[in-house]
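Chain and residue survey
One-letter residues, chain by chain:
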Amino acid sequence: MKKLLYVSLILLVLNSCKEESSPTASKVDFTGVTESIKPGDNFFERVNKQWLDEAVIAEDQVGVGSYSFLNIPQKELLENILTEVSATDHEEGSIEQKVGDFFSSGMDTETINKLGFQPIQPILNKIDDINDVSSLMTFVTDEMTSGNYSIISMNISPDNENSSINMLHFGQAGLGLPDRDYYFKSDTISVSIQNAYKNYLTTLFNLSEYKNAEKSADIVYNIEKKLADSHKTRIERRNVKANYNKMTVATINESQPNIGWTKLLNQLNLETDSVDVRQPAYYDELNRMLVSVPISEWKTYLKAGTLATYSDILSKPFEDANFEYSKDLYGQNTQKTRAQLMVQKVDRQLGFALGQLYVKRYFNEEAKKRVLDLVNNLQKAFENRINELDWMSDVTKEQAKEKLYAITKKIGYPDVWRAYDVNIQKGKYFENIVALYKDQYQYEANQLNKAPNRDRWGTTPSTVTAYYNPPLNEIVFPAGILQFPYFDVTADDAVNYGGIGMVIGHELTHAFDDQGAQFDKDGNVKNWWTEEDYTKFEAKTQQMIDRYSSFTVLDSVHIKGALTVGENTADNGGISIAYDAFKLTEQGKGNTKIQGYTPDERFFMSIARIWRVKTRDAYLRNYIKTNSHSPPIWRVNGPLMNFSPFYETFDVKPGDVNYKPESERIKIW
Ligand SMILES: [Zn+2]
C-alpha cells in the first residue's frame, strides 16, 4: 500500500519487559523505576533504565519493545491467525481462503526455491527488447500497473486546492538507497553503506547470470546518484506549497517530451487534463537523462530495479542478498523466520482481510467506546487551551476551533472493509504477489477524479500506530494501539491519559503543526490565519526547530530539528492537552496515591513508558537521517522540559540537567 502523503504516523513502543508481562504483576503497576536518577536530569531513563539495561534485542530484530513494525507480541498474534487459517481449506474467494492460501504460498519455499529467478524472466526479456526512449517509457509505464515502480512515482489523493476531488500526484523517484543524502556522504559509515548497496546489486546481477556484474552495478549506482542530485531533501519536502505544482498535461508533455506525459497517461488508462508534479526538478532531470544516458545503461538500470523489487520473493539466494544489504543498513544479525516475513507480507498486501480476522479475534469493542470518550475529552481540553493562548488573536482562535471540531474520528477498524478482487492460489507465490499488486493499482486508479473515499484507512487495523491526515482532516486510531501500555480498560485514568491520551493529543496537534496549520478545516491548503498570528506561529516553530537541533543521540549525532518539527510540535501539544484532560477526571482532581505514586506522577510515568524502546545503532543512525520523529528519549525529555506541571510534580530545580527557566519553556499549543 502506498503511504499517504502528509500522513503523520506516530510510531510506537510495545512493552515486552519480562516482569510486567508475567501473569502475577498487575499491568498498571510501574516497576523498575531507578529512583537514583533525578526526574529533572533524565526522566526517560528514570522510568526506563532498568528495562533498557535488561532488554535483549533478538538476533533477527533491529530493536525491541518497540516501534509498530518491531512489535513482536502483535506479530505473534497475526502469525497465530495465519497458521490456523492456512491449515484448513476454506470456501473459494472467502477472506480466510485468500489470506490462508497467500500465507501458505509464501511458506512453500520448496516451490519458490526450485523456480529461482524464472518468475521474473519474462520481465527481464521485455527489458532486452527496449531499443529507444519511447519503448523504454512504455516498459516503465506497463510495469507500474503491476507494482514494479522505477523512475516514476505516482499516487492519487485529494487536490491541495480542492480537497473534494482526487487528482494525480507525481513525486521524485528512482533511488535504491533510502534517501538522496546517502549518495553524497563520504564518512566511513556512509561509504560502507554505499558499498553494501553496490555489492547487493552485483550479487543480484551475478545470480541472474548477467555479464559484467560489478561494472553494471556501478552504472546503476551512477544513474541513481545523478537522479539523487535532483531530489529535494526530506526537509525541503515538508514545505507543502513548494511541493504542489499543478500543471496541464499539455504543458509538461511539451516541456518534457522524452517522458511523454500524454502517452504515459494513456497507457496507464488515466484520464485527466492536469497533474500535480510535486518535485519538478526531478522530472526535468529525468527528461534530460532519458536522452543523455545511453539506452544500454538504462536497460541495466531497469534490470537492477526489477531484481531489487522482487528479490525478497524469489529463491533463497536472492532473498539472502536482500537480507545482507538490509543488515548493513539496519544492523540486524540474522534473518527473521519465514513465518514472520510472511506475516509482514500478508499485512502489507492483504492487510484489511487479515485485519478483519484480527479484529474479530482480539478487538475489545468496549475499548472503542472508551477511547471515543477520551477523544472527546481531549478535544474539549484542546479548545480550552486555544481559548487561553496569549499569542493568538480571537479571529484566528475561532478558525482554529472550527477546524478542531471538524476533525473526523476513526477508531478501531474501518466501517467499510476494502475488498480484494484477486484469485489467490496455493503454490503460486509469485503469481499471487503480482495479482495483489495489480489489484492495488486498479484500486488506486479507480479513485481518480472522484471524491476522496472517507471509509478508507491508511494503515491496517492490527498496526500499533495512529495518524492524522490533513487533506481529510481526520485522526485514526487502529485497534492495534488500543491496548496496553497505551490503553487498558482496567487501568486508572492516569495510565490511560498518559498513554493513549497523549497519542490522541499528539494526533490532534498535527492538525496545527507546521504542515497541518496550512490546511483548512476542509483539507484545502488555504490560509485561515491573520498574518500577525501566522508570523508568531512560525517564530515559535523556529524555536522548536532550534531546541531539538541541539539534542544528540549516539554521542554526537544531532536530531534534524527541521525534519522532526511537526512531530515534536505534536509531542509537546499532545502532553499538554492530555494533561489538561486528565485534570478534568476524578483521579486527576484528587490526590490518592496508587502504588505509592500520586495521580500526576503516574500520568508522567505512563508517558515515559509508552516510548520504551531499544534499537541497534545502525537502525538509529538511519532513523535520524530519514524519520520525521525524534528518537524515543527525546520524545519524553524534550516536551517535559517545556511543561511546567512536570516541574511542579517532580520538584525540578535549577541545576537539574534538563531544567529550563520558565522564559525558555517553549509553548505553541
Ligand atoms: Zn505524529
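All values derive from a computational prediction rather than experimental measurement. (Residues numbered from 1 in each chain as written. Predicted model: local features only at pLDDT ≥ 70, side-chain atom pairs only at ≥ 80, totals over all residues. Heavy atoms only, no water.)

Points about the confidence of the model for the protein chain
Scored by pLDDT, the protein chain comes out at a mean of 93, with 95% of its residues at no less than 70. Segment residues 1–25 is flagged for pLDDT under 50; beyond a separation of four residues in sequence, or across chains, it makes 97 contacts in the model. (pLDDT = per-residue confidence, 0-100. Contact = heavy atoms within 4.5 Å.)

Let's talk about the pairing of strand β4 (residues 162–171)
Of all 10 residues in β4, seven are buried, a share of seventy percent or more. Bridge analysis of strand β3 (residues 153–159) against β4 gives seven bridges, and the strand direction is antiparallel. Paired with P158 across the bridge in β4 is N166. The hairpin turn running from β3 into β4, its antiparallel successor, is two residues long. As paired elements, β4 and strand β6 (residues 274–277) share two bridges and run parallel to each other. Paired with F170 across the two strands is V277, which belongs to β6. (Buried < 20%, exposed > 50% of the residue type's maximum accessible area, 1.4 Å probe, protein only. Helix = DSSP H or I, 4+ residues; strand = E, 2+ residues; numbered from the N terminus. Pairing = 2+ DSSP bridges.)

What to know about the sheet that holds β3
Taken in spatial order, the four strands line up as β3-β4-β6-β5 in an open sheet, and their pairing is mixed. Taken across any chain shown, the strands that pair with only one partner, and hence form the sheet edges, are β3 and β5 (246–248). Taking each pair of neighbouring strands and ignoring which way they run, the sheet shows an average axis angle of 40°. (Axes fitted to C-alpha atoms, helices over the stretch in contact; angles between N-to-C directions.)

Brief notes about the nonpolar core
In a soluble, globular protein the nonpolar side chains are often hidden away together inside. Core analysis: the biggest nonpolar cluster contains 190 residues, and I151 and I152 have the highest contact counts within it. Not counting chain neighbours up to four residues away, the residues in contact with I151 comprise L136, M137, V140, A173, G174, L227, Y282, Y283, L286, L290, W298 and Y301. (Core = buried A, V, L, I, M, F, W, Y, C linked by side-chain atoms within 4.5 Å.)

A look at the pattern of salt bridges
Under the counting rule described, the total for this entry stands at 33 salt bridges. In this structure, K303 engages D128 in a salt bridge whose closest nitrogen and oxygen atoms are separated by 2.7 Å. With K303 in helix α13 (residues 295–310) and D128 in helix α6 (residues 121–128), this pair connects stretches of sequence that are 175 residues apart. On the accessibility criterion, K303 (10% relative accessible area) is buried. As a salt-bridge pair, R288 and E285 come within 2.9 Å of each other at their nearest N and O atoms. Of the two residues, R288 and E285 are both situated in helix α12 (residues 280–292); the distance of three residues between them amounts to about one turn of the helix. With a relative accessible area of 17%, E285 lands in the buried category. (Salt bridge = Lys/Arg side-chain N within 4 Å of Asp/Glu carboxyl O.)

A look at the coordination of the zinc ion
Each protein donor to the zinc ion is listed here as H506 (NE2), H510 (NE2) and E567 (OE); together their distances run 2.0 to 2.1 Å. Here the donor residues of the zinc ion share one chain and are spaced in sequence as H-x3-H-x56-E. In this pair, H506 is assigned in helix α20 (residues 493–510) and E567 in helix α22 (residues 561–582), connecting sequence segments 61 residues apart. In this pair, the class of H506 matches that of E567, namely buried. (Donors = N, O, S within 2.8 Å, 3.2 Å for Na, K, Ca; no water.)

Structural notes on α22
Relative to the 32 Å expected for 22 residues at 1.5 Å per residue, α22 spans 29 Å between its end C-alpha atoms, a close match to the ideal helical length. Taken as a whole, α22 carries its principal kink of about 35° at E567. (Expected span 1.5 Å × (residues − 1). Bend = angle between axes of the 7 residues up to and from the residue.)

Description of the side chain of R418
Within the secondary structure, R418 is located in the loop between β7 (408–412) and α19 (429–445). Here the side chain of R418 touches D439 through a polar contact of 3.2 Å, side chain to side chain. Among the polar contacts made by the side chain of R418, one reaches the side chain of Q440 at a distance of 3.1 Å. In this structure, R418 is in contact with F352, D439, Q440 and Y443, ignoring residues within four places of it in sequence. (Polar contact = N/O pair within 3.5 Å; in protein donor to acceptor, adjacent residues only side chain to side chain.)

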